[in-house]
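A structural walkthrough
So the chains spell out like this:
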Amino acid sequence: MPNIPSAVGPILSLRNVGKVFGGTVTALDDMSLDVHDGDFVSLLGPSGCGKSTALRLIAGLMRPTAGRIVWSDTGRTSTGGQDLGVVFQEPTLMPWATVEDNIWLPMRLAKISKSAVRKEIDEILDVVGLSGFENAYPRELSGGMKMRVSIARAMVTHPKLILMDEPFAALDEITRFKLNNDLLEMKARIGCTVIFVTHSVFESVFLSNRVVVMAARPGRVVQELHIDEPYPRREEFRTSPEYAAHCRAASDALHAAIMNTSAEAA
Amino acid sequence: MAVISSDERTRHLSPSDDAHVVDLEERALARRQRLDKLGTWLLPLIMIALGLIIWDVIVKVNEIPHYILPGPGRVWATLTADWRLMLDALSITLAITGMALLAAVIGGAGLAILFKLLRVIEMSLYPYAVILQVTPIVAIAPLIFIYVEERLIGLLICAWLVAFFPVLSNTTLGLNSVDHNLRDLFKIYRASRWQRLIHLELPSALPYFLGGLRIAGGLALIGAVVAEYVAGTGGIGSGLAFTILEAGYRLNIPRMFAALILIAATGIVIYALSSFVSWLLLHKWHESAVKREQ
């Protein structure tokens with residue numbers, strides 16, 4: 001079962017990580033987090049809580065002001081290349097390249113020819129449900145399909161970790177639900193670990209086995225919820241009482257975090 | 001007038017027949033689109049023909065002598081009678097314009113890439129680029145022809161000076177318009193500086209560069225013509241502008257018109273060609289080349 005976190009140590013640890021911008025604005029304060037193989041961790045919080053900052057720190061796009069980020073298998077403080085996949089809020093595709101050339105990008109930058117990864121590209125197109133669209137250009141696709149291409153690009157190298165920064169926020173609700181369902185299936189087929197940033201309680205509970213609730217000013221972790229419901233989770237899970245209970249707990253934690261922040265600000 | 005049969009009338013008036021009404025609307029829309037398509041070609045041709053006719057009529061009715069205003073027929077006759085001379089002049093102007101445009105593309109785009117790769121060069125050289133751009137070419141040209149012995153080279157330098165700036169500034173703008181998330185993605189995938197340029201920055205800049213190319217095409221022609229006026233001296237290697245100048249001294253007005261028409265035609269061809277190149281490179285993916293369904 002690829003979805004059950006393994007008992008061995010974490011693949012990624014954030015230890016007391018902090019980030020200060022311009023010497024005055026604390027975007028993230030003292031964040032600690034262990035991510036295990038197979039985890040689906042959601043960072044849930046209002047805007048300004050540092051969840052995107054945390055993601056950029058993990059991606060190695062910024063260096064932390066305080067604390068350490070450790071990739072346990074290598075002991076290095078950063079990773080990248082084939083080991084990491086990223087999905088942004090926008091599909092972030094190259095408009096001049098076809099679907100398959102967009103998906104080829106991570107390998108292309110590693111100087112691997114397209115013919116050498118033909119099988120991987122076709123396979124991932126099948127996983128995200130876009131077989132037959134190899135030669136389409138991004139502008140010919142709908143918003144949901146573009147996002148699928150973006151996910152395919154993040155997954156095609158079978159990275160250890162995939163970072164997703166509010167990937168479905170700009171989509172309509174129906175497409176978003178469908179992609180939520182499909183994302184869990186894709187994750188199961190690829191067998192990856194995901195850190196998922198969202199401000200939707202329902203999305204985070206549906207997808208994750210762990211929800212990290214964060215608060216703003218300064219951005220920090222206030223609570224971690226465990227959603228110990230078995231995978232695969234399908235549409236029925238959305239209407240189950242367990243789902244409702246978890247959503248209430250997450251919602252309460254989020255509200256407490258927001259109230260706490262505004263009380264401090266007042 | 002045809003009488004509408006009663007059942008046809010009921011068909012038109014029947015409220016359940018919405019599909020038919022939609023059909024009529026669709027048909028009207030299709031007709032409008034057909035007319036639009038026809039109009040975009042036909043109307044300009046008609047208007048130009050009309051202009052020629054009015055020109056001809058004015059000349060004939062007022063009995064204007066040809067050394068003041070020749071009619072279109074006379075201009076055409078001059079164009080065909082002097083075609084050897086005209087063709088020589090045209091080929092010179094074309095050659096200078098073409099070479100200047102090529103140099104502008106290589107120089108402008110090359111400099112933009114160099115600026116992108118090395119900020120120090122951009123900060124050092126950009127003032128010179130701006131100074132050359134804002135100073136009118138007619139003011140610089142006399143100096144150029146004093147310092148540059150070879151007349152052809154002088155003409156080329158003038159045309160290039162006018163044409164290269166739009167390529168430079170547009171390409172620079174394009175190279176700086178890369179999607180920030182894509183830039184981050186390239187960083188995460190550990191792309192080299194070279195890979196970032198080839199696979200990200202240059203494709204992002206392409207639509208901007210092509211916009212600059214279209215402007216530069218027209219400016220290269222203007223530069224070539226203006227430089228010829230300034231250079232003045234005749235002899236071998238004289239283009240259309242000198243033909244106009246010389247014909248003016250001799251009050252050969254029909255030849256002035258003939259040369260003028262050739263210059264205008266050259267400008268149109270350059271614009272059409274650069275638009276076509278732009279379409280060729282962008283129509284598959286860029287929004288500017290996308291036809292909307294309705």
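Just so we're clear, the structure is a prediction, and the values are computed from it rather than from any experiment.

Calculation rules
- Residues numbered from 1 in each chain as written.
- Chains lettered and ligands numbered in written order.
- Predicted model: local features only at pLDDT ≥ 70, side-chain atom pairs only at ≥ 80, totals over all residues.
- Helix = DSSP H or I, 4+ residues; strand = E, 2+ residues; numbered from the N terminus.
- Buried ≥ 20, exposed ≤ 12 C-beta atoms within 10 Å, placed from the backbone.
- Rg over C-alpha atoms; globule rule 2.2 N^0.38 Å.
- Contact = placed C-beta atoms within 7 Å.
- Core = buried A, V, L, I, M, F, W, Y, C linked by C-beta atoms within 7 Å.
- Pairing = 2+ DSSP bridges.
- Axes fitted to C-alpha atoms, helices over the stretch in contact; angles between N-to-C directions.
- Nonpolar A, V, L, I, M, F, W, Y, C, P; charged D, E, K, R; others polar.
- pLDDT = per-residue confidence, 0-100.
- Domains from an automatic or database assignment.
- Expected span 1.5 Å × (residues − 1).
- Bend = angle between axes of the 7 residues up to and from the residue.

**Digging into the overall build of chain B**
For chain B, the helix and strand inventory stands at 11 helices and 0 strands. Each helix (α) and strand (β) of chain B, taken in turn from the N terminus, gives the series α-α-α-α-α-α-α-α-α-α-α. By the burial criterion, 31% of the 294 residues in chain B qualify as buried.

**Some points on the overall build of chain A**
Looking only at helices and strands, chain A features 8 helices and 9 strands. Since a compact globule built from 266 residues should have a radius of gyration of about 18 Å, the 18 Å found for chain A is in line with a globular shape. Buried positions account for 47% of the 266 residues belonging to chain A. In chain A, 76% of the contacts between residues at least 6 apart in sequence involve partners at least 24 apart.

**Some words on the nonpolar core**
If you look at the biggest cluster of nonpolar residues, it comprises 89 residues, and the most contacted ones within it are A152, M155, I195 and V213 of chain A. Beyond its immediate chain neighbours, meaning those up to four positions away, I195 of chain A contacts V35, V41, L43, L55, I58, L161 and L163 of chain A. Core analysis: the next-biggest nonpolar cluster, separate from the first, contains 55 residues, F145, I244, F257 and I270 of chain B among them.

**Structural notes on the pairing of strand β8 (residues 210-215) of chain A**
Residue and element names in this part refer to chain A. Among the 6 residues of β8, 6 are classified as buried, and the element is accordingly described as predominantly covered. Across the two faces of β8 the burial is the same, with R210, V212 and M214 and V211, V213 and A215 all buried. Where strand β3 (residues 40-44) meets β8, 4 bridges bridge the pair, whose relative direction is parallel. The residue bridging L43 from the neighbouring strand is V212, located in β8. The pairing of β8 with strand β9 (residues 220-226) spans 6 bridges and is classified as antiparallel.

**Some words on the sheet that holds strand β5 (residues 84-87) of chain A**
Residue and element names in this part refer to chain A. Pairing within the open sheet is mixed, and its 6 strands lie in the order β5-β6-β7-β3-β8-β9. In this open sheet, the two strands that pair with only one neighbour each are β5 and β9. With strand direction ignored, the average angle separating the axes of adjacent strands in the sheet is 15°.

**Considerations on unusual backbone geometry**
Residue and element names in this part refer to chain A. Cis geometry is found at the peptide bond from R217 to P218, where omega equals -10°. Positionally, P218 belongs in the loop between β8 and β9. The omega torsion of the bond from Y231 to P232 falls at -5°, within 30 degrees of zero and hence cis. The residue P232 is located in the loop between β9 and α7 (235-238) in this model. Here K111, not a glycine, exhibits a phi torsion of approximately 60°, which is positive. Mapped onto the elements, K111 comes out in the loop between α2 (99-109) and α3 (118-127). Residue K111 is classed as exposed on the basis of its 8 C-beta neighbours within 10 Å. Even without a glycine there, the phi angle at H158 is positive, about 50°.

**Quick look at the interface of chain B and chain A**
Contact residues are listed per partner, giving 17 residues for chain B and 17 residues for chain A. For the side of chain B that touches chain A, the elements supplying multiple residues, two or more each, are α8 (180-188) and α9 (193-231) of chain B. Element by element, the count of residues in the side of chain B that touches chain A is highest for α8 of chain B, at 6 residues. Looking at the side of chain B that touches chain A residue by residue, the classes come out as 8 nonpolar, 3 polar and 6 charged.

**Side note on the environment of V35 of chain A**
Residues and elements named next belong to chain A. Structurally, V35 is set in strand β2 (residues 25-35). For the pair V35 and F168, spaced 133 residues apart in sequence, the C-alpha to C-alpha distance is 22 Å. Among residues more than four places away in sequence, those in contact with V35 are P10, I11, L12, V41, T193 and I195.

**Focus on the confidence of the model for chain B**
Residue and element names in this part refer to chain B. Scored by pLDDT, chain B has a mean of 86; 89% of the residues are at 70 or more. Residue range residues 1-17 is modelled with pLDDT below 50. Its contacts to residues more than four positions away, or to other chains, number 2 contacts. The ipTM for the predicted assembly is 0.89, set against a pTM of 0.84.

**Some remarks on the domain arrangement of chain B**
As assigned here, chain B comprises domain 1 (6-61) and domain 2 (72-289). Here the C-alpha centre of domain 2 of chain B lies 40 Å away from the C-alpha centre of domain 1 of chain B.

**Description of the confidence of the model for chain A**
Close inspection of predicted coordinates is inappropriate in any region flagged by low pLDDT. Predicted confidence across chain A gives a mean pLDDT of 88, with 91% of residues reaching 70 or more. Every residue in residues 1-6 of chain A is under pLDDT 50, and counting partners more than four places away or in other chains gives 15 contacts.

**Quick look at helix α7 (residues 151-175) of chain B**
Its 25 residues place the ends of α7 of chain B 36 Å apart at the C-alpha level, agreeing with the 36 Å of an ideal helix rising 1.5 Å per residue. The largest bend along α7 of chain B reaches roughly 30° and is located at A163 of chain B, with the proline P166 of chain B sitting one to four residues downstream.

**Looking at helix α11 (residues 253-282) of chain B**
Residues and elements named next belong to chain B. An ideal rise of 1.5 Å per residue puts 44 Å on 30 residues; α11 measures up with 44 Å between its terminal C-alpha atoms. Among all positions of α11, only P254, R255, M256, F257, A258, A259, L262, I263, I270, S274 and S278 are buried. Elements that come into contact with the buried residues of α11 comprise α3 (72-81), α4 (83-117), α9 and α10 (240-249).

**Some thoughts on the sheet that holds strand β1 (residues 12-21) of chain A**
Residue and element names in this part refer to chain A. With antiparallel pairing, the 3 strands of this open sheet are ordered in space as β2-β1-β4. Single-partner strands in this sheet number two, and they are β2 and β4 (66-71). The average undirected angle you get between the axes of adjacent strands in this sheet is 20°. Relative to β4, β1 is paired through 5 bridges, and the arrangement is antiparallel. Opposite S13, over in β4, you have V70 as the bridge partner. The strands touched by helix α1 (residues 51-58) are β1, β2 and β4; relative to β2, the strand with the most contacts, the crossing angle is about 65°.

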